[in-house]
Amino acid sequence: PACLEGVSLEDRPEYFSKLFPRLQELRARTGRPHWIVIDEAHHVMPRDLDVAATLPGELVGSIIVTVHPDLMAPAVLDQITTLVILGKKPKEAIEAFAETVGLKAPKLSKVELKRREAIVWDSTANVTQRVKIERETEHLKRHTRKYAEGDLGPDRSFYFTGREGKMKLQAQNLMLFSQMGDGVDDDTWMYHLQRGDYSAWFREFIKDPKLADRVQAIEKDDSLSADESRKRVREEIEQDYTLPASEATGWQSDEAEHQTVKA
């Protein structure tokens, strides 16, 4: 796998435009990789991408994962043949995709997907199907190092604001969160703790429901002082996110709500 976490967001499209043709050349020569999975594709194939230079061939055998298909290059979306939608608004997501690429959206009543369910749309045949996703054989996490040490970006960072909102301290990852949590005053720490902000961030943006549940129990324990709760929250984070680099691999928790498109 190729990880672009060390490449700035603005430089990722250019880096990808050089990497992807090499992958296609490798597959043409050796038959591998069978599938090319492009995660957070809106970062590397944005609207203004020079598609002709980046994609010398078709996207056959590619899986594109994104939460923002509307931010992607239209010429890329035009090649999508199958759409797999997860999350709370599958009907709206399909309609938005269809409008973007100029297709007629399938007739779909408002659907509330249960956990481990998805809507699959074959856009060539205009057929939709509700499917159940099988549980993985073991619990694996994707991007362990990303969440621990990388830059989650401004939209997914945690912000220590304090009770009166006079500060805006951004923690772009879990290690910075722990360091800032140790440094903020007791009132600021307890303000976010009592509101349940920490577990909400772990659940929604770190995509780690187990960590969120453990921290939520700490948030509900009124007997803990600021220092005691800080220590326990930090210990819960370090239990899962201080792995050596050789162990920090795997796939993301199934709690993540992504829109996946496949060519």
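It should be noted that the structure appears before, not after, this text.
Residues numbered from 1 in each chain as written. Predicted model: local features only at pLDDT ≥ 70, side-chain atom pairs only at ≥ 80, totals over all residues. Heavy atoms only, no water.

All right, on to the packing of aromatic side chains then. Enumeration over the complete set of coordinates arrives at 14 aromatic pairs. Seen in terms of ring centroids, F158 and Y198 are 5.5 Å apart; in terms of plane orientation they differ by 45°. Their pairing is tilted. Of this pair, F158 sits in strand β6 (residues 158-160) while Y198 is found in helix α9 (residues 197-204), placing the two residues 40 residues apart along the sequence. What makes F158 buried here is its relative accessible area of 5%. Site record: aromatic cluster; members linked through ring pairs are F158, F160, F177, W189, Y198, W201 and F202. (Phe/Tyr/Trp six-rings, centres within 6.5 Å; stacked < 30°, edge-to-face > 60°. Helix = DSSP H or I, 4+ residues; strand = E, 2+ residues; numbered from the N terminus. Buried < 20%, exposed > 50% of the residue type's maximum accessible area, 1.4 Å probe, protein only.)

Once that is clear, we can look at the environment of F205. For F205, the location among the structural elements is in the loop between α9 and α10 (209-219). As a C-alpha pair, F205 and F158 span 47 residues in sequence and 8.9 Å in three-dimensional space. The residues touching F205, leaving out its near neighbours within four places in the chain, are Y147, D155, R156 and A200. (Contact = heavy atoms within 4.5 Å.)

What follows concerns the pairing of strand β4 (residues 117-122). For strand β3 (residues 82-85) and β4, the ladder comprises four bridges, and the chain directions are antiparallel. Considered in β4, the bridge of L83 is made with W121. Where β4 meets strand β5 (residues 127-132), six bridges bridge the pair, whose relative direction is antiparallel. Among the inter-strand pairings, E117 is bridged to a residue of β5, identified as K132. The antiparallel pairing of β4 with β5 creates a hairpin that spans four residues between the two strands, and N126 there sits at a positive phi of about 55°. (Pairing = 2+ DSSP bridges.)

Moving on, we get to the pattern of salt bridges. Opposite charge on two side chains lets them pair, provided their charged atoms get close. By the definition in use, this model includes 15 salt bridges. Between R156 and E40 there is a salt bridge, with the nearest N and O atoms lying 3.6 Å from each other. Separated by 116 residues along the polypeptide, R156 in the loop between α6 (144-149) and β6 and E40 in the loop between β1 (36-38) and α2 (41-44) bring together distant segments of the chain. The residues R156 and E40 share a single accessibility class, namely buried. D187 is the salt-bridge partner of R163, the closest N and O atoms lying 3.0 Å from each other. (Salt bridge = Lys/Arg side-chain N within 4 Å of Asp/Glu carboxyl O.)

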